[in-house]
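Each chain, letter by letter, is given below.
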Amino acid sequence: MERFRKSLFAFILLTLSFSGLQAQKPAVDYSTRLALIQKNIDQVFYMPQTGLYLETNDPAHNEKPNSYLWPLCALYQATNEREVLEPSKNYMAPVRKAIEQYHNTVPPVPGYQAYIRKAGVDTRFYDDNQWIGITALDAYNRTQKKDYLTLGEDIYRFMMVGYDQAAGGGIYWKEDDKTTKNTCSNGPGILVALELYRITKQKAYLDKAVLLYDWTNKHLLAPEGVYYDAIKLPSLRIDSARYTYNTGTMLQANALLYKLTKKQAYLTEAQRLAKTAKAYFYRNNKLPHDYWFNAVLLRGYLELYSIDKDKSRLQFFIDDAERIWQEERDAATNLLGRHTWKTLIDQAAMLEIYARLELLQNRKK
């Protein structure tokens, strides 16, 4: 019997030791991945002769000679996250210079259009502008450079041109289309307003953020607890598509509202959204295939993490990002994406995700 006890004890110790080794996974070398992705963006998608970018690496899939603005919005945020890790670098500068080629001054307020200005006047999407504003205000909080704050303020003025009382409030998706108000133009609008409030302490920004927040929850919160894409006008029909980024902006909005107001209801809602979003979107150990939408969702989770420090809540993002590197990367080129042809927005999205995960990995808690 004594020999049995000793054997059993030794087996338990061995099992516990093995479990501990299993739990201590080696750190992921995100910095090498970031360098490889950045190199591809610079060599495959960037055109130094014009200072612009390609939409994809395959001419057959490029609708126009240059990228639309949207992928540059993703790349602008991604380069900001790289500068968080490497403050001495200036990754954002070429992206900002490219974005300025999309700026127009058409009344009533200047803003950024969907395609380059020299090709003619084009549609101005409120959400494209808001993504730029969010990045600019993030960069201001990091650097205190006034130019970033000015850009954020300019974006706020432009986006509020898209607000009216049709459907009870809310911001339209794009300037020349009064038939749709979307979560993607209200969720990021809330974030722009909240960041401006945090920086300036002007209560009008907070009031507008709460107004947009209440409208979005009233009209676009789905029964499952995530968000519909849009409400159509004048019919008030709901576009019931559910995308990760819409829930991501509203999750981040709740976390920021809690930080700024200390109202427990916002934190409770943020925690509910985090739980619900994982259950709804993370299926078969995968997030949906839109990398950039998932990058925006990650922003919301990280905003919540900054409050409650629950790192376990982020594990599924870490797992999915690792799956993408192993399964959806061209081993010969290190370009990322599910198709044989690769997109700028996918490279930018994963640049942001890996940068944020590197920062998370380096934190002690």
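Residues numbered from 1 in each chain as written. Predicted model: local features only at pLDDT ≥ 70, side-chain atom pairs only at ≥ 80, totals over all residues. Heavy atoms only, no water.

### A few points about the overall build of the protein
- Along its length, the protein carries 13 helices and eight strands.
- Expected size for 365 residues packed as a compact globule is a radius of gyration near 21 Å; at 22 Å, the protein falls within 12% of this value.
- For the protein, the spread of C-alpha atoms along the three principal axes comes to 90 × 50 × 40 Å.
- Looking at the protein as a whole, 53% of its 365 residues qualify as buried.
- Within the protein, contacts between residues separated by at least 24 positions form 63% of all contacts whose residues are at least 6 apart in sequence.
- Summed over its atoms, the accessible surface of the protein is roughly 16,800 Å², and 54% of this surface lies on carbon and sulfur atoms.
- Here the protein contributes 49 positive and 41 negative side-chain charges, whose respective centroids are spaced 6 Å apart. (Helix = DSSP H or I, 4+ residues; strand = E, 2+ residues; numbered from the N terminus. Rg over C-alpha atoms; globule rule 2.2 N^0.38 Å. Buried < 20%, exposed > 50% of the residue type's maximum accessible area, 1.4 Å probe, protein only. Contact = heavy atoms within 4.5 Å. Areas by Shrake-Rupley, 256 points an atom, 1.4 Å probe, with all protein chains shown as cover. Lys, Arg positive; Asp, Glu negative; His and termini not counted. Charge placed at Lys NZ, Arg CZ, Asp CG, Glu CD.)

### Here's the deal with the pairing of strand E8 (residues 238-242)
- Of the pairings in the sheet, the one linking strand E7 (residues 228-232) to E8 comprises three bridges and is antiparallel in character. Counted as the bridge partner of Tyr-228 is Arg-242 from E8.
- Turn length for the E7-E8 hairpin, with the two strands adjacent in sequence and antiparallel, is five residues, and the turn residue Leu-236 shows positive phi of about 65 degrees. (Pairing = 2+ DSSP bridges.)

### Some words on unusual backbone geometry
- Look at the link from Pro-107 to Pro-108: it is a cis peptide, with omega at 10 degrees.
- Mapped onto the elements, Pro-108 comes out in the loop between strand E3 (103-104) and strand E4 (111-112).
- A cis geometry characterises the amide bond from Leu-233 onward to Pro-234, with omega recorded as 0 degrees.
- Positive phi values are uncommon outside glycine, yet Asn-285 reaches one of about 60 degrees.
- Exposure remark for Asn-285: the relative accessible area of 56% places this residue in the exposed category.
- With a phi angle near 65 degrees, Asn-334 is a residue other than glycine that sits in the positive phi range.
- Considering the arrangement of structural elements, one finds Asn-334 in the loop between helix H12 (315-327) and helix H13 (344-362).
- Judged by relative accessible area, which is 15%, Asn-334 ranks as buried.

### Re the packing of aromatic side chains
- Throughout the structure, instances matching the rule amount to 22 aromatic pairs.
- Judged by centre distance (5.5 Å) and plane angle (80 degrees), the ring pair of Tyr-213 and Tyr-266 falls under edge-to-face. You can see Tyr-213 sitting in helix H8 (residues 203-220) and its partner Tyr-266 sitting in helix H10 (residues 264-281), a full 53 residues away along the chain.
- The class for Tyr-213 is buried, based on a relative accessible area of 9%.
- We classify Tyr-266 as buried; its relative accessible area is 12%.
- Ring pairs connect the aromatic residues Trp-70, Trp-131, Tyr-243, Tyr-245, Trp-292 and Phe-293, which therefore count as one cluster.
- The aromatic ring of Tyr-258 is capped on one face by Lys-262, whose charged end is 5.5 Å from the ring centroid.
- Here Lys-309 stacks its cationic end above the ring of Tyr-305, 5.5 Å away from the centre of that ring. (Phe/Tyr/Trp six-rings, centres within 6.5 Å; stacked < 30°, edge-to-face > 60°. Lys NZ or Arg CZ within 6 Å of the ring centre and 35° of its normal.)

### Topic: the sheet that holds strand E5 (residues 172-174)
- Pairing is antiparallel across the open sheet formed by four strands, whose spatial order is E5-E6-E7-E8. Among the strands making up the open sheet, the edge pair consists of E5 and E8. Across this sheet, the average inter-strand angle for adjacent strands is 35 degrees, counted without regard to direction.
- Bridging between strand E6 (residues 177-182) and E7 involves three bridges; their strand directions are antiparallel. Its bridge partner being in E7, Asn-182 is matched across the sheet by Ala-230. (Axes fitted to C-alpha atoms, helices over the stretch in contact; angles between N-to-C directions.)

### Description of the pattern of salt bridges
- Overall, the coordinates contain 21 salt bridges when judged by the stated rule.
- We note a salt bridge from Arg-299 to Glu-352, for which the minimum N-O separation is 2.7 Å. Of the two residues, Arg-299 sits in helix H11 (residues 291-308) while Glu-352 sits in helix H13, which places them 53 residues apart along the sequence. Glu-352 matches Arg-299 in its accessibility class, with the two residues each being buried. (Salt bridge = Lys/Arg side-chain N within 4 Å of Asp/Glu carboxyl O.)

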